[in-house]
Amino acid sequence: MKRAVRALTGTRSRPLPALLLALTLVAGGFAAWAGQDWYRAAHDDRAAYAGQRDEALAAGEQAVQNLNTLDHRDVNRGLDLWESSTTGELREQLTSGRAEFAEQVKAAKTVTTARVLSGAVTELDDRAGRARVLIALRVTVKASDGAKTDKDSRMLGELTRTDGRWKLSALGQAPVGGTSAG
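The notes below deal with the structure included here. (Residues numbered from 1 in each chain as written. Predicted model: local features only at pLDDT ≥ 70, side-chain atom pairs only at ≥ 80, totals over all residues. Heavy atoms only, no water.)

### Notes on the packing of aromatic side chains
Per the counting criterion, the structure on display carries two aromatic pairs. Judged by centre distance (5.7 Å) and plane angle (40°), the ring pair of Phe30 and Trp33 falls under tilted. Of the two residues, Phe30 and Trp33 both sit in helix α2 (residues 15–42), three residues apart, roughly one turn of that helix. The exposure class assigned to Trp33 is exposed, which follows from its relative accessible area of 51%. The interplanar angle of 40° and the centroid separation of 5.4 Å between the aromatic rings of Trp82 and Phe101 together place this pair among those described as tilted. Of the two residues, Trp82 sits in helix α4 (residues 75–84) while Phe101 sits in helix α6 (residues 98–108), which places them 19 residues apart along the sequence. The class for Phe101 is partly exposed, based on a relative accessible area of 30%. (Phe/Tyr/Trp six-rings, centres within 6.5 Å; stacked < 30°, edge-to-face > 60°. Helix = DSSP H or I, 4+ residues; strand = E, 2+ residues; numbered from the N terminus. Buried < 20%, exposed > 50% of the residue type's maximum accessible area, 1.4 Å probe, protein only.)

Okay, structure coming up:
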């Protein structure tokens, strides 16, 4: 009787090694799938495009903030920053009227600071090196008598990539509410 019991238990398969083999195959399959998915994501053009979009947005926000910030005590530094943030016709306009504008700001004795509230890229042509941004900002003007006023505004900016950097090439007020743009 004891021999018959031993014979039956000796021919039974062991569940643990089979389970380990199955788990190993599943884990290997998952690793292969995840690796392939990672490789596709790393070599996808959309990631590079998203990077350019983020760069354009950051540059646009900074440039719009720069062009809405100016201190009468250090006008030249502020105007230099304006010029370094711009390119093309906008830069030419700023440089041609610089002396007159500096005198006006010094006479008014104002300090203007801007803070970006939000921004978005509305259009991006990475190959042509052109982008459009919409930036919401709060501009605070401090007069010589200490009075402060805040104004929220939305700006539409056009960016051009110059020497690998995004710079503002046009800037204007965005239409508000139901008003038309043109």
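Continuing now.
### Quick look at α6
Among the residues making up α6, those that are buried are Arg98, Ala102 and Val105. Take α6 and look down its axis: the buried residues cluster within an arc of 65°, on one side only. Facing away from the buried side of α6, by more than 90 degrees, are the exposed residues Ala99, Glu100, Glu103 and Ala107. At its buried positions, α6 is contacted by β1 (70–71), α4 and α5 (88–96). Positive phi appears at Lys109, one or two residues downstream of α6, with a value of about 55°. (Arc of directions from axis to C-beta. Contact = heavy atoms within 4.5 Å.)

### Here we look at the sheet that holds strand β3 (residues 130–142)
With respect to topology, five strands assemble into an open sheet ordered β1-β2-β3-β4-β5, the strand pairing being antiparallel. Unpaired on one side and paired on the other, β1 and β5 (165–173) mark the two borders of the sheet. Relative to β3, strand β2 (residues 111–125) is paired through 13 bridges, and the arrangement is antiparallel. The residue of β3 that forms the bridge with Arg115 is Arg138. (Pairing = 2+ DSSP bridges.)

### Here we look at the pairing of β5
Relative to β5, strand β4 (residues 148–162) runs antiparallel, the two sharing eight bridges. Bridged to Thr162 within β5 is Arg165. If you look at the hairpin formed by β4 and β5, you'll find two residues sitting between the two strands, and Asp163 has a positive phi there, around 50°.

### Observations regarding the layout of surface pockets
Considered as a void within the structure, the largest pocket measures approximately 160 Å³ in volume. Contributing to the lining of the largest pocket are Glu55, Ala59, Gln62, Ala63, Asn66, Ser84, Ser85, Gly164, Arg165, Trp166 and Lys167. Of all the secondary structure elements, the ones that give two or more residues to the lining of the largest pocket are α3 (45–67) and β5. Among the elements that make up the lining of the largest pocket, the one with the highest residue count is α3 (five residues). Here the residues of the lining of the largest pocket sort into three nonpolar, five polar and three charged. (1 Å grid on protein atoms, 1.4 Å probe; cavity = no way out; pocket = protein on both sides within 12 Å on 5 of 7 lines; lining within 4 Å. Points joined across faces, edges and corners; volume = space filled by probe spheres on them. Nonpolar A, V, L, I, M, F, W, Y, C, P; charged D, E, K, R; others polar.)

### Structural notes on the environment of Arg98
Tracing the chain through its elements places Arg98 in helix α6. With relative accessibility at 18%, the residue Arg98 sits in the buried group. Between the C-alpha atoms of Arg98 and Asn76, which are 22 residues apart in sequence, the distance is 9.0 Å. Setting aside residues up to four positions removed in sequence, Arg98 forms contacts with Asn76, Leu79, Asp80 and Glu83. Within the structure, Arg98 has its side chain in polar contact with the side chain of Glu83 (distance 2.9 Å). (Polar contact = N/O pair within 3.5 Å; in protein donor to acceptor, adjacent residues only side chain to side chain.)

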